[in-house]
Each structure stands twice: as structure tokens, then as C-alpha cells.
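This is what each chain is made of:
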Amino acid sequence: MRRSLAILLLLACVPAFADETQLQSDLRREKEELASNCSSFKGVFGCAQTVVTGKPLHLSIGSVAPQNGVGFGPGFTYDKNLGENWRTNTTVDAVVTSNQSWRAGAYFKAFYMPQEKVHVITGPAPPPKPLSEIGPRAVPTFNLYLQAISLNKLDYYGLGANTSRQNLALFGLTETILGGNVVYPIFGHSGVSLFGELNGRFFDPRGRHADKSPSLEQVFSESAAPGLLRQLGFFQAGEGVRFDRDLGDRLTLDYRVTLQQFQGITDSRTSFQRFTVDASHEFPLYRKQRSQARRGTEKPRFTFNREGSIGLRALLTESYIPRGNAIPYYLQPTLGGSNLNGDHWLSSYPDYRFRAPNLLVFRGSFEHVIWGPIGGVFQADYGKVALSQGDLGFDHFRHSYGVGITVRGGGIPAVSILFAFGGGEGTHTIADVNPLLLGGATRPSLY
Amino acid sequence: MLPGLDQLKHVVVLMMENRSFDHLLGYLQAQDPRIDGVDGTQFNPDTNGEPAHVAPLAKYQSQLQPDPGHHFPDVKLQIHGDKPGDPKMSGFVKAYFQKQKNVAHSREIMYCFPPEKMPVITTLARKFAVFNRWFSSLPGPTIPNRAFAHYGTSFGRVDMNLFYIGEKYPSIYERMVKNGHTAKIYYYDLPSGTMGMTSILKDQPQLFGTVTQFLTECGTGNLPDYSFIEPNYTDHGGNTGELLACDQHPDHNMLAGEEFIAQIYMAIRNNDELWKNTALLVVYDEHGGIYDHVEPPACPADEFTNAETGFKFDSLGVRVPAVLISPWVPEGTVVSDRVFDHASIPASVTKKFIGDWAARSPREKNADTFLDLLTLQQARQDFVGFTTQPVDFDFDPTGNTMSVQMDSAPDDAGRPGRELSDLLKDHVLAIREVERTLPPNQQTNIDIYSIKTEAEASSYIAQVMAMLHPQVAAAGQ
């Protein structure tokens, strides 16, 4: 026993004598930093910074899903570059919220920088034709992940566009996802990329009996909530095309077209396909600013300041369900408040308010600087869900409006506070950080 | 006034991240001895006392993980060594060892790039003006060094605090706007953000734009009078794949940075009108803990003293690469006899666009300005360009020259009075580059732009080759 203990101690000491690896060095320096910053009250800010943003270990903070609070827990992240082409990031974290919901996952991201040859062209005069565009561009990205999430409180009002708030029932859900995806840019600087994913998804829904509202199974039957409290597994594949491009400084396009196949593993009658088109358009608004001319004869010079933007976005989801099959309710997209992935649509409505296999929603937005870093924003959503594709039309749209202020950083709204109203089912105040600012691991969609 | 300076309407500064002069440009010395670089003899002792020599073995990424130390105490060790009497600039390997206790790894801090691996910055350095004595403004990290580029001082700070609020002197952007001029910080995108936090909550939106906007405005010719460009500081996911950081901060991919420098340069170069009246400065904020052999000089103290370290800002930081690009700059300019730092940026912009401006730090007032390097009487007509796509040209990567592919011999082939072909013009330009590596007394002093015929070109090439290979020339005679 003593001998085993001695061997173990010896093994633990090996790194102290051998050359440090990168990970050992990261851990040592983080420990030193914590000791230095957290030893006195003076260093409280630095200490908090190290605890939250430190690498490789840190405190992970984040919302898991609407209604389930913000989670806190340990996190680990590690960057490693391999050779001259591959860059990798590994993140492992686990958070638990105040209502005992939790999420734990391991995420591995790798991206590949092709070593393009830079041609140097010199001559006594410019070449007869312009050289093709040069500059950084998106590179192929590969994600692998294993994530389990347990959500203790999710709202369910039934399926379709005409459900009543009075029918609110609650359920809980545990989902485990194992899979990966690839985003592969093509055609140089075109902004076009191909998307592919392969996932195994395993669902374990449950009732929730801790609130005034009834539990799902107390109100709804299997036909009104397909997959009711049944453990189901899916093999899910997806293919898509993405297009993201600035057309000069006048229009930014962000299009995503995806086709997903959900193949029921445990019950083939739950198989279906989903087609999604998400098209965003942003029109920046500029104001001309004149520069003082240097000489009397010189023409005045102008530059342009971005004062705001107009946004138009359309989201269409259609599901193709073989006869006799039904999509489990938790795999059906929702409108109202925020959805399972935290996206806001018809924000004034309660979270998860409308749920169906198909949906169509439009958003118009206008944001403009008011004074200094403060801007104003107006947003209007019109949309509906539908049990069948034939019901997706341009009538009977639900609507929601939002007004608010933005705090602009670097001339672009970074933080917004939006008061959403107009749907006839109450209001929501939403504080949001521009999603572009939120980094972290690439987490898979929950549905 | 110099005609180039007189016609100058736009100054553009692109500030990259954390690379030393020797690391990026040092091995250019073999091509041009006037460039104060390295020749392989420079070394630092490692923690075992063994010499670690500079070597042209730097890679685009993976050698500088973890990030080399470049905060005030790290740089002090790098410059002064770890004990009294150590030679200057001898503590880089030891400093890097403190980051990761791995002797072999720590020696890689001495690695430099062979010029052919960094064709964009090295070509621009040789085709325009390279500074032998451009130093970071203080021996410390990114933010206070960038503050010198924005304010001409860091107000006594050597730390990474991003917020400069209510400071004594206005930034160069505020000065410009107050004087009826236009000025903008163009940052890469929102996830990358801006380190121009100095003004982030004021004077919006006229002080900020994105690089996409900059590229568009280069096309339309609507650049502000002064533009400061920030590269992408982070690897982050875009909708169509990962956008790699292109700031060249260790251990970001250097090739992405090369392409970014080329993109900014080409955006200006592709607009003939803009090209003629714009000066582009590509400069690095600090050395990033990477080896350089030139000891930073002393400088007149600032009026601010750092309370924690007692540093009076009376010495500069480690030398960084800086290249000034304009058609009014003579090809192959090497600026050796003057000292610059980032305070030279607001000083130069102020001098050009505003004139006298009293409310400036002592460091900025004492900083040399660089726009007087636009010395040519006529704008250059030659072309330097970059592309990653195959072109209809043969390319010689070592000579940075273009040769036009000729399908068949023209009718007047073989006549010495024939005008120069593009191929021969480029060959002459290439020979001129080689000639520059010769001692001044062995150079022909022939103006290559006066060469009009094949015979004159042959004569010029022969003279240079005779200097390069005298034995061969003698045997031939």
C-alpha cells in the first residue's frame, strides 16, 4: 500500500521535473493568476475576471432555455493549433440553474486554414485586368459535440395556431445529442458555403407537477401531444446551403436553406423531414459627412457615417410527415416569446406560445442613432404556425411590436432593451446582447 | 512643399498585433544590407546557458502557444536580462521559458520568418519605405501602445485597461472632427470589436466604421481624411464558416494577416485616384515578446508617470515592423537615421491636417513625423499587387517578379533597338532589386526608367552581373 502511494506521488511529481506541456503551463499560470488576484480585496475585479474568463478553467454562465433560468457551473476550454493549418478548440462545461435544470457538454471545433499561395505581381504599370480579390475569408469548420440537457419547465399550449392560453400545461425534457456538423465555404469569396450535419438525438420527456399549472399528461392525450412522455431516439441528418454577403455597404444578405431528416430509431412512426429557409436582409443607413476642403479650388470631400439600419427577415419552416406518422411535440418549432434555442419571435407573447410542424414569420426592424451611443429601435413581427403546409398563407397572422433603446458600441447596436407588446396576450421586456457578441462553444440546436 | 505631400488627402494606418521587426523583416537584410535585420549570428542564452540563435524557421502558427509575455515586467526581462550586467536584448528566451517551462519550446521565440514566407509585408517593405527604427511606444502590452497611436500618450498607463475616459488630451479622431475633418476607426466586425475603446461611447457614429465599409469607400473614393484600421482580433464563427483572426497576434494564423494586409493595400491601390493621394502605414502595436536585436532608445519623458512601476515613459518599447506605402515614396527606401514610435502617428496626422495643436502630450510633441518621406517629384507609375488566384503570368516567388507568359516570339524579336517587352522590363526591375544589395560604390547608378530598348537593358543587366560575378565577367572578356 505504501509502495503504491509512493509511486502515485512520484507520478504526480513528474510534470514538475519534465518539460511542461501547453496545458500544464496554462493550468500553472491560471493558478498563479488566481493566487495573485484573489488574495486581497483590492484585486476583486481582476479576481472576478480570472474566475469568469480564465483559461483553461473558468466559471461558465449562460441561459439554458427560456423559463429555466441562468445556469452557473465549471467550464474548461483549451485552444491548440496543429501545424500551420489546423486550429482547434475544446470546451467542456456544465451548468445548473436555480430550478435544477442543467446542461453538460463537450464540444470540439476544428477549422482549417488552407495555405493559399500569395502571388506577388510587380510591373512597370498595372496589369491589363484587375487581380482577383484577396483577403481573409471564412474557412471550413468542423464541430463535434456530446451534450445532455435537462429542462424542468417548458410550456405547452397544444398544437396549431388557435390554441388557448387557458390550456397551458407544463412538462420537463431531457435531451442528449451526439453528433457533428460541417460548414464548408465554396467559390472563394462568394460567401456561399455548404452545411452538413449528422446527429443522434435522444429525448426523455416528463411531466411537471410542481406548479399551479397542470402537467402535460393531465391535460393532453397522445394525439394532442404526439410522443407524450415517451422516450424516443432519432438519427438526424441535415444538408444545407448558406449565403452571407455584404453587397457593398448598402445591403447585407444572410440566407440559410436547410433540409433535415429525422429518422425515428425507437419508433419509425415519428420520422419526418423538415425544410427551413431563413432569409435576413439588412439595409444600413448612412449620413453624408463633409470634410473641410484643404484648398479653395478643391472639391469638398465626403465620408459616410452609419446612422442605423432597416432589417427584413423571413423564416419559413415546413415539415414533411409520411402518412401515419406524427412529429413529437418537443420537436415542433414554436413562435412566441423565445423558443427552445432562445430566439425571439412574436416577442410579446408568452414563451413557446404557438407550436406546430410548420411556421411562417416575418420581421421588420428599424434602428437609428438618437444621441451619442444611444439608439432607438422599433420592431414588428408577423407570423403564424400551421398544422399543415396548406394552412401557411398570408392571412390570420399574429403580430407583435417592440420599441426600445439600443446601446451602440463602435457605431452598431451592441445591447438592446425592447418592450414588446401588441399581441393581446401581455407584454415582454427583453434585454438582449447582440448575438454577434456572444462567443463560446458552438452548441447544437435543441430541436 | 513636396508635391506628394501637397496632393495627400488621406492617411490610412493599419495597426497589426504583436510581432517584432526581426521576426517579420529581419531576414530581408540578406536582400538589402541597409535593412537592420539579422544574419543568423544573433542569439539569446536559454535557461541552460546554451545559445539559441535566430533562424528563419518561423511558422504561420503553432510555435507561439502560449502567448509570449509582453507586459511591463516581461519586456523588462527581455530587454535587460535577468541579472545585472547581462547584455541588452538577451532575455527573450528566458522570458518565454517563464510562460511554459520547456527549454526547447522557449528557444522558438528566436525564430524569424524567411521573406518568401511572408511575401506581402516583405514586398511592401522593399518596394516602398521600411523603417529601421520604429519602436513601440512603451515596453508594455497592446492597449497602452495603441493609446499612443490614438492619443500620443497612454496617460501614465502600462496595463490593459480599455477605458480611457475623461483624459487630459483628446484623441486624434476628436481633434480631426473638431477641426472640420473626417476621421474613422474601421474595425473588422462586431465580434472582433475595437480596441479604439478610447472613444467608443462618444462621437458616434462618425468615428466608427467596419472594414467592409472601408473597402467599399476605397472603391467610391469616400475615405475620411484619416482612417485607422483594426484587423480581426478573434477566431469567430461566421454564418458561412469560421473567420480567422487576421491580426497576427500569437498564435493567430500569419497567412490570414498577410492576406488582410494585401486586402487593405489592394483596396487603395485599385482606385487610381485614391492611390495617388493616399499614404498607407502598416505598423505593429508591439513586439509581442518576440526577439528583436535592437535596444530601444531613451526618449524625452512624458508628463505622466506610472504609479505602480515608476516608469516615466522615458524609453521606447521594442522595435516593430513599420512600412510606409505611397506612390510618392521612392522604391527601396530604408529609413535608418530617424526614430519613430506610435506617437508619430497622431503627430503626423495633426501636422498634415490640423497644423499647430497645443493640447498634446510631450511625447507626441517630441515624436518625429513621417509624411515628409513622400519625397518623389512625380508619382510612381509602377505596380505592386497581390492575389491568391492563379494569374496569366509566370511567377518567381524568390524574386517577387512577374514575367508575362509569351505564346510566340514577336515579329521584331532579335532586333536590339526593339522596345522593352513587359518581360524584359520586369527583368530589369528584378536586376535593380539585386543591384541594391551591392555596396553603393559598386552600383551602376543607372536610372532604370530611362532604359527604353533591349540593347540598353542588356547593357544594364551585363553591368550589374559583372559586379555580382566579377570572375565570370573576367573569364568572358
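Above this text sits the structure in question.
Residues numbered from 1 in each chain as written. Chains lettered and ligands numbered in written order. Predicted model: local features only at pLDDT ≥ 70, side-chain atom pairs only at ≥ 80, totals over all residues.

**Student:** Hey, could you run me through the nonpolar core in this one?
**Tutor:** Soluble, globular proteins show a tendency: their nonpolar side chains are buried together. Judged by nonpolar contacts, the single largest core of 125 residues is most densely connected at B:Val13, B:Leu14, B:Val282, B:Val323 and B:Leu324. Broken down by element, this core gets its largest block of residues, eleven residues, from helix α10 (residues 254–269) of chain B. In this structure, B:Leu14 is in contact with B:Ile229, B:Ile261, B:Ile264, B:Leu280 and B:Val282, ignoring residues within four places of it in sequence. In terms of nonpolar packing, the next biggest core, distinct from the first, is built from 44 residues, A:Ile149, A:Tyr157, A:Ala225 and A:Leu360 among them. (Core = buried A, V, L, I, M, F, W, Y, C linked by C-beta atoms within 7 Å. Buried ≥ 20, exposed ≤ 12 C-beta atoms within 10 Å, placed from the backbone. Helix = DSSP H or I, 4+ residues; strand = E, 2+ residues; numbered from the N terminus. Contact = placed C-beta atoms within 7 Å.)

**Student:** I would appreciate a short explanation of the interface of chain A and chain B in the present structure.
**Tutor:** In this complex, chain A contributes 69 residues to the contact, which on the side of chain B involves 83 residues. The residue inventory of the side of chain A that touches chain B, partitioned by class, reads 27 nonpolar, 26 polar and 16 charged. (Nonpolar A, V, L, I, M, F, W, Y, C, P; charged D, E, K, R; others polar.)

**Student:** Would you explain the environment of A:Phe362 in this entry?
**Tutor:** All names here are of chain A. Considering the arrangement of structural elements, one finds Phe362 in strand β15 (residues 358–371). Along the chain, Phe362 and Arg29 lie 333 residues apart, while their C-alpha atoms are 50 Å from each other. When near neighbours in sequence (up to four residues on either side) are disregarded, Phe362 contacts Ala314, Tyr382 and Gly383.

**Student:** What is the right way to look at the sheet that holds strand β8 (residues 226–229) of chain B in this model?
**Tutor:** Strands pair in a sheet through their backbones, by hydrogen bonds, and they do so in one of two ways: parallel or antiparallel. Residues and elements named next belong to chain B. The mixed open sheet is built from eight strands, whose spatial order is β7-β6-β8-β1-β11-β12-β4-β13. On the outer flanks of this sheet lie β7 (208–210) and β13 (333–335), each paired with one strand and no other. Neighbour to neighbour, the strand axes of the sheet diverge by 20° on average, direction disregarded. The strands touched by helix α6 (residues 119–127) within the sheet are β4 (129–131), β11 (278–284) and β12 (322–325), with β12 carrying the most contacts at an inclination of about 60°. (Pairing = 2+ DSSP bridges. Axes fitted to C-alpha atoms, helices over the stretch in contact; angles between N-to-C directions.)

**Student:** When you look at the packing of α6(B) against α10(B) in this model, what are you seeing that I'm missing?
**Tutor:** A pair of packed helices is characterised by two quantities: the angle between their axes and the separation of those axes. Residues and elements named next belong to chain B. One can describe the packing of α6 onto α10 by two numbers: an axis separation of 8 Å at closest approach and a directional angle of 45°. Between α6 and α10, the angle is such that the two are oblique. Residue-level inspection shows Val120, Ile121 and Leu124 of α6 in contact with α10, the latter providing Glu258, Ile261, Ala262 and Tyr265. Classifying every residue of the contact of α6 with α10 by side-chain character gives six nonpolar, no polar and one charged. (Parallel < 35°, antiparallel > 145°, perpendicular 65-115°, else oblique.)

**Student:** Looking at this structure, how should I read the pairing of strand β5 (residues 119–123) of chain A?
**Tutor:** On a regular strand, one side chain projects to one face of the sheet and the next to the other, so that they alternate. Burial analysis of β5(A) places five of its five residues in the buried class, the great majority of the element. The alternating pattern of β5(A) places A:His119, A:Ile121 and A:Gly123 and A:Val120 and A:Thr122 on opposite faces, both of which are buried. Relative to strand β15 (residues 383–387) of chain B, β5(A) runs antiparallel, the two being bridged by five bridges. When the bridges of β15(B) are listed, A:Gly123 appears paired with B:Phe383.

**Student:** Sorry, what's going on with the pairing of strand β2 (residues 70–82) of chain A here?
**Tutor:** Residue and element names in this part refer to chain A. Of the strand pairs in this sheet, strand β1 (residues 57–63) and β2 are connected by seven bridges, and their pairing is antiparallel. When the sheet's bridge partners are listed, Ser63 is paired in β2 with Val70. Note that β2 and strand β3 (residues 86–96) share nine bridges and pair antiparallel. In the strand pairing of β3, Thr77 is matched with Thr91. Counting the residues between successive antiparallel strands, the hairpin from β2 to β3 contains three residues, one of them, Gly83, with a positive phi of roughly 60°.

**Student:** What exactly am I supposed to notice about helix α4 (residues 92–99) of chain B here?
**Tutor:** The α-helix winds at 3.6 residues per turn, so residues separated by three or four positions along the chain end up facing the same way. Burial within α4(B) is extensive, with seven of its eight residues counted as buried. Among the residues of α4(B), B:Phe92, B:Val93, B:Lys94, B:Ala95, B:Tyr96, B:Phe97 and B:Lys99 are the ones counted as buried.

**Student:** I would appreciate a short explanation of the environment of A:Arg230 in the present structure.
**Tutor:** Residues and elements named next belong to chain A. The residue Arg230 is located in the loop between α4 (216–219) and β9 (232–247) in this model. We classify Arg230 as partly exposed; it has 14 C-beta atoms within 10 Å. In this structure, the C-alpha to C-alpha distance between Arg230 and Pro328, residues 98 residues apart in sequence, is 9.2 Å.

**Student:** Sorry if this is basic, but what is going on with the environment of A:Val52 here?
**Tutor:** Residue and element names in this part refer to chain A. Relative to the helices and strands, Val52 is located in helix α3 (residues 44–53). Judged by the 12 C-beta atoms lying within 10 Å of it, Val52 falls in the exposed class. Among residues more than four places away in sequence, those in contact with Val52 are His58, Leu59 and Ile61.

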